[in-house]
Amino acid sequence: MNDQIKRLLELRRLQNKRETNSTLVVSVCSGKGGTGKSFVSLNLAYKLSRLNKKVLVIDFDFNLSNLHLLLNETVKEPLSNFFHQKVTFDELIFRYNENMHLIFGDSGSNDFPKITNDLIEYFFIHLEKASRNYDFIFIDSSAGADSNTMYQISRSDLNLIVASPEPTAIMDAYVLIKMITEHGIEKRFMNMPQDIVIINKAEDKEEGEQAFQNLSTAVRHFLKKEIVLLGVIGHDRTAYKSITNQELLLEHYPNSMAALQIDDLAHRFLNIAQMANNSQLLSQKPSL
Ligand SMILES: Nc1ncnc2c1ncn2[C@@H]1O[C@H](COP(=O)(O)OP(=O)(O)OP(=O)(O)O)[C@@H](O)[C@H]1O
Ligand SMILES: [Mg+2]
């Protein structure tokens, strides 16, 4: 880490304060890989952008990133350029449409820096400033719960956990929630649910709801915690087709089953965001 980054982090520690605003920072995460985090992040963000919300989606799968592939876009400024201080934070931002912006990661870059919690903090310090321009920030995480992901989760307001209905994915989602709980991560919205679940690739609604019930029962019993089902997205060949064609489902196939389900999710998500805005503790526990 170079001296400039070190100095900024030290200054921040001395100041011991973070900026507060009403932007909701959401970590989209999962225990198991391939559950649909990137697919959900992009399509949910796109829907919200069409509902006139300003959204920033960040690819935090670092050197294995793929949001640009899902959109068929070329990455001009990947995250590593910011970490190497070749570009400013603003220069990282790619504008997909007026309301939906993205920050892309790297794909197998040879000089990708070793990601540490300090480097993530450095990123978040800059994100705090940029966050004023957005209603929502979605961070598309790498699968699992390594220390970088836990740090990123600690800097977010909500965890959006994407699981598929198989027992292995549900078990891994449980482990992720357990690790978040054991880390004792305090969120700034204390009087509302902080772990929100999407069951993706379900055969049908019943299968998805049953999988959620299994997860919720285990979390309540062992972790004494409540989680919320944001919704179920079915396994949809059109969703698969949209990914293969590198087109956004909500943009190109808005009447497909999965698109209509994500539509519903977006409205429920807005209700949760409204709860966050109404939260009395908004200013008591400053974060982003
Ligand atoms: N609702 C769906 N219906 C059908 N296929 C889906 C659906 N959602 C995701 N997929 C399939 O699952 C694959 C993985 O999705 P995605 O890349 O979004 O997962 P991920 O959780 O981001 O993976 P990783 O952990 O590798 O980052 C997609 O390439 C697509 O083929
Ligand atoms: Mg992904």
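A quick note: this is a predicted structure, and the numbers were derived from the prediction, not measured.

Draft legend 1. Structural view of the pattern of salt bridges. As enumerated under the stated definition, the model contains 7 salt bridges in all. We note a salt bridge from Asp195 to Lys225, for which the minimum N-O separation is 2.7 Å. Of this pair, Asp195 sits in strand S7 (residues 195-202) while Lys225 sits in the loop between helix H9 (205-223) and strand S8 (228-234), and the two are 30 residues apart along the sequence. Overall, the relative accessible area of 2% leaves Asp195 in the buried class. Taking relative accessible area as the criterion, Lys225 reaches 19% and is therefore assigned buried. A network of salt bridges, in which partner residues are shared, links Glu121, Glu128 and Arg155.

Draft legend 2. Representation of helix H7 (residues 147-154) in the model. For H7, the set of buried residues is Asn148, Thr149, Met150, Gln152 and Ile153. Where H7 is buried, its residues touch strand S1 (24-29), strand S2 (55-60), helix H6 (117-130), strand S5 (136-141), strand S6 (158-163) and helix H8 (167-182).

Draft legend 3. Main features of the pairing of S2. Within S2, 6 of the 6 residues are buried, which leaves the element mostly enclosed by the surrounding structure. Across the two faces of S2 the burial is the same, with Val55, Val57 and Asp59 and Leu56, Ile58 and Phe60 all buried. Pairing analysis gives 4 bridges linking S2 to strand S4 (residues 100-103), with the strands arranged parallel. Paired with Ile58 across the bridge in S4 is Ile103. Bridge count for S2 against S5 is 6 bridges, and the pairing is parallel. Residue pairing for S5: Phe60 is matched across the bridge by Ser141.

Draft legend 4. Quick look at the pairing of S8. Of all 7 residues in S8, 5 are buried; the element is thus mostly enclosed. As defined by bridge partners, S7 adjoins S8 across 5 bridges and the pair is classed as parallel. Bridge pairing in S8 places Ile198 opposite Gly231.

Draft legend 5. Seen up close, the site of ligand 1. In the vicinity of ligand 1, 18 residues are found, and the nearest of them are Lys37, Ser38, Phe39, Asn200 and Lys201. In the model, an oxygen atom of ligand 1 is placed 2.9 Å from a nitrogen or oxygen of the Gly34 main chain. A distance of 3.0 Å separates a nitrogen atom of ligand 1 from a polar backbone atom of Asp236. Looking at the shell around ligand 1, the elements with two or more residues in it are helix H2 (37-50), S7, S8 and helix H10 (237-244). Residue classes in the shell around ligand 1 are distributed as 6 nonpolar, 8 polar and 4 charged.

Draft legend 6. Region of the structure containing the sheet that holds S2. The mixed open sheet is built from 8 strands, whose spatial order is S3-S4-S2-S5-S1-S6-S7-S8. If you trace the sheet from one side to the other, it starts and ends with strand S3 (93-95) and S8, each paired once. Taken pair by pair, the neighbouring strands of this sheet meet at an average axis angle of 20 degrees, ignoring direction.

Draft legend 7. The arrangement of the nonpolar core in detail. Core analysis: the biggest nonpolar cluster contains 44 residues, and Leu24, Leu42, Leu102, Phe138, Leu160, Leu249 and Phe269 have the highest contact counts within it. Apart from residues no more than four positions distant in its own chain, Leu42 is found in contact with Val57, Leu67, Leu70, Leu71, Met100, Leu102 and Leu248. Core analysis: the next-biggest nonpolar cluster, separate from the first, contains 28 residues, Phe82, Val87, Ile103 and Ala130 among them.

Draft legend 8. Region of the structure containing the packing of H6 against H7. Where H6 contacts H7, the axes come no closer than 9 Å and their chain directions differ by 30 degrees. As summarised for this structure, H6 and H7 are arranged roughly parallel, according to the angle between their axes. The two elements H6 and H7 meet at a crossing, and its hand is right-handed. Counting all contacts with H6, which are made through Asn117, Ile120, Glu121 and Phe124, the residues of H7 involved are Ser147, Asn148, Tyr151 and Gln152. Among the residues forming the contact of H6 with H7, the class breakdown is 3 nonpolar, 4 polar and 1 charged.

Draft legend 9. Examining the packing of aromatic side chains more closely. Following the criterion strictly, the structure yields 15 aromatic pairs and no others. Judged by centre distance (5.2 Å) and plane angle (20 degrees), the ring pair of Phe82 and Tyr122 falls under stacked. A residue pair is termed long-range when its members are at least 10 positions apart, and Phe82 in helix H4 (residues 79-83) and Tyr122 in helix H6 qualify at 40 residues. Take Phe82: its relative accessible area is 2%, and that puts it in the buried class. Taken together, a centroid distance of 5.1 Å and an interplanar angle of 70 degrees make the contact between Phe136 and Phe269 edge-to-face. Placement of the pair is Phe136 in strand S5 and Phe269 in helix H12 (residues 257-278), with a sequence separation of 133 residues.

Thresholds applied
- Residues numbered from 1 in each chain as written.
- Chains lettered and ligands numbered in written order.
- Predicted model: local features only at pLDDT ≥ 70, side-chain atom pairs only at ≥ 80, totals over all residues.
- Heavy atoms only, no water.
- Salt bridge = Lys/Arg side-chain N within 4 Å of Asp/Glu carboxyl O.
- Helix = DSSP H or I, 4+ residues; strand = E, 2+ residues; numbered from the N terminus.
- Buried < 20%, exposed > 50% of the residue type's maximum accessible area, 1.4 Å probe, protein only.
- Contact = heavy atoms within 4.5 Å.
- Pairing = 2+ DSSP bridges.
- Near = heavy atom within 4 Å.
- Polar contact = N/O pair within 3.5 Å; in protein donor to acceptor, adjacent residues only side chain to side chain.
- Nonpolar A, V, L, I, M, F, W, Y, C, P; charged D, E, K, R; others polar.
- Axes fitted to C-alpha atoms, helices over the stretch in contact; angles between N-to-C directions.
- Core = buried A, V, L, I, M, F, W, Y, C linked by side-chain atoms within 4.5 Å.
- Parallel < 35°, antiparallel > 145°, perpendicular 65-115°, else oblique.
- Left-handed = near helix turned anticlockwise from the far one by under 90°.
- Phe/Tyr/Trp six-rings, centres within 6.5 Å; stacked < 30°, edge-to-face > 60°.

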